[in-house]
Amino acid sequence: MERHAWRDLGARPLFFPALSLSLGALCAPVTSATGGPFLVCGLLLGALGLALARLPGAHLAVLASLWAVGAGLATWETRVDVPPVLAQGGPVIVEGETERVERFDGTTRVRLAVARAGVPPGPLEPVRFRMNLSLRGEPPPLLPGQRVRAETKLMPDAPPSNPGEKDFGVTRRRQGVAFTGGLDARRLLVLSPAPAWRVALEGTRTRLAEAVHAVAPSTDAAALFLTLAAGQRAALDDAWEDAFSRAGLAHVLSVSGLHVAALALMTLAVLRRVVVRTGSRWRMLDARQVAAPASIPFVWAYVVFTDNQPPAVRSAVMATVVLLGLALWRRADGLNGLAAAAVVLVAWAPSSVVDLSLRLSFLAVLGLVLLSPPLRQALPLAEPDPSEPRRVRRWWGQVKETVAQTLCASAAATLSGLPIVAATFGRVSLAGLVSNVIALPLCGLLTGLAAGGAALFVVAPVLATPVLWAGAWASELLLALTRFFAAVPLASVEVPSLGLLSVFYAAGLLAWALGTGRWRLAGLLAPAAVGAAMLAPVLTPQPGLRVTFLAVGQGDSVVVSSRGEHLLVDGGGVPGGMDPGERFVLPYLKHAGISRLALAVLSHPHPDHALGLASALKQVPTERLWLPAGEEDGPLTRQVVAAAGDARVEEVEAGHPPLRLGEAVVEVLGPPEPDARELLEGANDRSVVLLVRHGDVTVLLTGDVEADGEDALAERLGPVTVMKAPHHGSRTSSTEALLARTRPRHVVFCVGRRNRYGFPHTEVEARYRALGSECWRTDRHGAVTVESDGRDVRLIPFLPAEPTVAEAPPVARATSPSSPSGR
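We now turn to the structure provided with this report. Computed from a predicted structure; not experimentally measured.

Read from one edge to the other, the open sheet built from seven strands follows the order 15-16-17-18-19-20-21, with strand pairing classed as mixed. The open sheet has two edge strands, strand 15 (659–661) and strand 21 (774–777), and neither has a second partner. On average, each strand axis in the sheet is inclined to that of its neighbour by 20 degrees, with strand direction left out of account. By the bridge criterion, five bridges tie strand 17 (residues 689–694) to strand 18 (residues 697–701) in an arrangement that is antiparallel. Across the sheet, the residue bridging to Leu690 is Leu701, located in strand 18.

Turning next to the pairing of strand 16 (residues 664–670). Across the seven residues that make up strand 16, a large majority, five, are buried. Both strand 15 and strand 16 contribute to a ladder of three bridges, which runs antiparallel. Within the sheet, the bridge partner assigned to Leu661 lies in strand 16 and is Ala664. Counting the residues between successive antiparallel strands, the hairpin from strand 15 to strand 16 contains two residues, one of them, Gly662, with a positive phi of roughly 60 degrees. Pairing between strand 16 and strand 17: five bridges, direction antiparallel.

Applying the stated rule across the entire model yields two cavities of 30 Å³ or more. Residue lining of the largest cavity: Asp556, Val558, Val569, Asp570, Val601, Ser603, Val688, Leu690, Leu701, Thr702, Gly703 and Lys724, and that is the complete set. Of the residues assigned to the lining of the largest cavity, the class counts are six nonpolar, three polar and three charged.

With that settled, consider unusual backbone geometry. Going from Pro120 to Pro121, the amide bond is cis rather than trans, its omega being 5 degrees. Following the sequence through the fold, Pro121 ends up in the loop between strand 2 (107–118) and strand 3 (125–136). The peptide bond linking Gly670 to Pro671 adopts the cis configuration, its omega dihedral lying at 10 degrees. The phi dihedral of Arg563 falls on the positive side, at around 50 degrees, and the residue is not glycine. Position of Arg563 among the secondary structure elements: in the loop between strand 10 (558–562) and strand 11 (565–569). Relative accessible area serves as the criterion here: at 48%, Arg563 is assigned to the partly exposed category. For Ser734, which is not glycine, the phi dihedral falls at a positive 55 degrees. Positionally, Ser734 belongs in the loop between strand 19 (722–724) and helix 26 (736–742).

Rules used in this analysis
- Residues numbered from 1 in each chain as written.
- Predicted model: local features only at pLDDT ≥ 70, side-chain atom pairs only at ≥ 80, totals over all residues.
- Heavy atoms only, no water.
- Pairing = 2+ DSSP bridges.
- Helix = DSSP H or I, 4+ residues; strand = E, 2+ residues; numbered from the N terminus.
- Axes fitted to C-alpha atoms, helices over the stretch in contact; angles between N-to-C directions.
- Buried < 20%, exposed > 50% of the residue type's maximum accessible area, 1.4 Å probe, protein only.
- 1 Å grid on protein atoms, 1.4 Å probe; cavity = no way out; pocket = protein on both sides within 12 Å on 5 of 7 lines; lining within 4 Å.
- Points joined across faces, edges and corners; volume = space filled by probe spheres on them.
- Nonpolar A, V, L, I, M, F, W, Y, C, P; charged D, E, K, R; others polar.

That is the geometry; function is a separate question.
Structure below.
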């Protein structure tokens with residue numbers, strides 16, 4: 001393993017040009033402007049650099065021109081052409097070509113390049129944008145390349161609304177995806193057939209899936225094998241994806257560089273042996289010079305058959321460069337191969353610079369090239385002696401060296417991608433350092449069986465059966481190893497996001513990997529950056545009470561924290577829709593460093609409160625679970641109780657003993673006692689109502705109580721500081737009697753964007769404003785956070801709200817301590 005130095009980077013002719021091109025694409029503005037000015041500027045700078053090539057520093061002009069070209073290509077890809085009448089969304093008819101078709105349980109996701117659109121019943125006009133369509137039900141046979149027409153409702157892409165929420169829109173906006181939409185699959189009109197080669201390919205993949213399921217020992221084993229043989233990752237259960245992530249083997253679940261590289265090496269070895277055995281006609285050439293270019297078509301055939309996944313394309317480009325290098329110069333260079341792959345991918349799809357899997361894939365390969373050699377040198381293990389006369393000792397030395405190199409490669413890949421993994425997932429797998437040593441040989445075998453089985457199935461399905469059987473059982477063995485390593489204590493550890501400290505971390509790694517002498521001491525910057533990120537939450541002053549009203553769409557979810565103890569009330573939810581627990585609640589809990597709850601509360605068993613809570617409690621344990629008295633027998637309640645596991649389940653009503661939560665006290669004000677509760681007809685009015693006290697500050701969490709429930713609470717209510725508007729601000733709640741008693745300084749409406757109920761109703765919001773209450777809405781402000789010191793409060797919106805005609809832009813203000821206490 002050859003260790004690189006700083007000067008080696010400049011000696012690679014493609015490294016810095018590829019870096020400039022990639023940085024240009026990364027820094028490009030995400031606007032509707034064309035990339036023409038950037039491309040013209042790049043052309044002029046390139047011409048200037050070439051004209052002054054003999055002068056010192058002329059290469060800087062060439063690098064600047066490549067930066068401008070990268071920015072121009074990226075800006076061109078993001079450009080959209082949407083008439084003003086469509087820009088705000090709404091009902092529309094769109095027509096375009098399908099670019100991607102992904103099938104999940106009961107849903108099909110389609111990426112559509114829209115060429116014409118219009119508001120019905122008007123005509124369709126030329127446009128240019130992409131959108132994601134969700135088809136409910138079973139669609140007609142649909143493949144990429146077909147032209148379709150659909151009547152849907154355009155939904156502009158919304159930014160993240162909660163701390164910790166993933167911003168899926170960054171990649172979509174860079175790809176020119178401006179809207180999302182949905183419709184019944186039966187209403188999709190298919191205007192053209194799919195290309196013949198795609199129909200044949202899809203038919204082959206379907207028959208391959210049937211053949212694998214027929215010989216596989218389990219459905220999961222078949223799904224894993226098909227993930228590698230045909231790129232059908234959607235067939236694998238989500239629980240397995242989490243297990244592979246914990247075990248440090250997540251890279252196995254995509255057709256990535258590992259699989260393509262393994263296939264290229266195996267194909268090269270097989271063809272080289274064939275060339276050696278064919279006779280005298282090849283003896284004038286090195287066998288590798290013949291076998292290397294012959295391997296390239298096999299690599300690309302595998303990539304196409306597995307649906308051109310970006311990491312696989314990256315690795316195929318790199319493998320092509322390496323194989324051509326072996327053919328022409330009998331040697332190959334990893335850095336030049338990686339740089340060539342970057343140039344091809346940025347030119348082909350500039351948005352790939354923000355693709356998560358692709359970034360991790362590139363960083364992993366860069367770590368293997370730059371970090372693995374110094375890590376191997378740092379191990380106190382002597383390299384095997386090839387002149388050792390005793391065969392057993394020589395074999396044992398080679399085994400130890402293989403294990404050491406695999407361990408160093410795994411550590412290098414983990415270290416190189418740590419900042420991105422920490423920011424995206426909030427945890428890093430430690431089990432991967434060992435699991436990869438054991439699983440990589442099996443992964444290589446499985447890749448060969450997957451690619452070979454698929455190729456043989458295309459030629460002779462009967463002859464492929466033994467290979468498919470062996471691959472399915474190898475998949476079953478890999479699943480068993482994954483299950484074992486995922487269950488190991490400390491298989492994965494939580495790590496905070498490094499943020500700007502990532503710059504110091506990267507500088508430290510590069511200084512240690514490429515530097516010499518005293519320069520290597522700068523490598524201490526890497527562990528120092530990680531340590532600073534871990535200490536930051538401890539050293540940052542925390543308020544005595546923090547209450548966060550999460551934006552979970554049309555539903556409720558509230559997190560209450562005080563001095564390291566935490567309470568979760570509800571979790572949102574949409575029957576048959578997205579899971580707000582997975583998308584919003586759990587990312588926020590990870591962002592806030594909350595791994596355990598002191599208390600979870602289901603205010604009442606309705607889907608927009610219970611579904612997300614159940615999914616959150618499956619992953620975050622809680623000591624107690626409070627349920628509304630008399631509502632313990634419904635299916636949603638049973639689902640939440642099952643998710644809470646070993647939690648102490650209590651049915652609560654008014655008068656239940658208060659719970660101390662750090663510096664705060666949580667009191668139960670509703671539902672009322674049994675005699676009064678029997679008079680309340682709906683589950684809304686029997687909601688759990690909580691009052692959180694922190695010194696002079698009070699926060700009232702009202703659930704979905706309506707007029708009758710508010711009347712039942714009357715004698716227990718007084719002035720409050722912050723109140724969650726009952727029942728999302730509907731006309732049937734927030735009565736004048738309630739407001740006269742509570743007189744909240746701040747009111748928070750938990751509502752979804754453009755919700756079909758029209759919540760909060762205008763007259764209800766006006767009622768609060770007439771009282772002097774400051775109104776906050778999760779559809780406009782995103783998550784709203786209340787911070788209290790026991791005397792006063794500060795409200796912080798996650799999103800800056802745009803001013804409307806009816807109101808000025810809200811400002812988070814803290815009223816003076818002289819205000820009446822308890823409000």
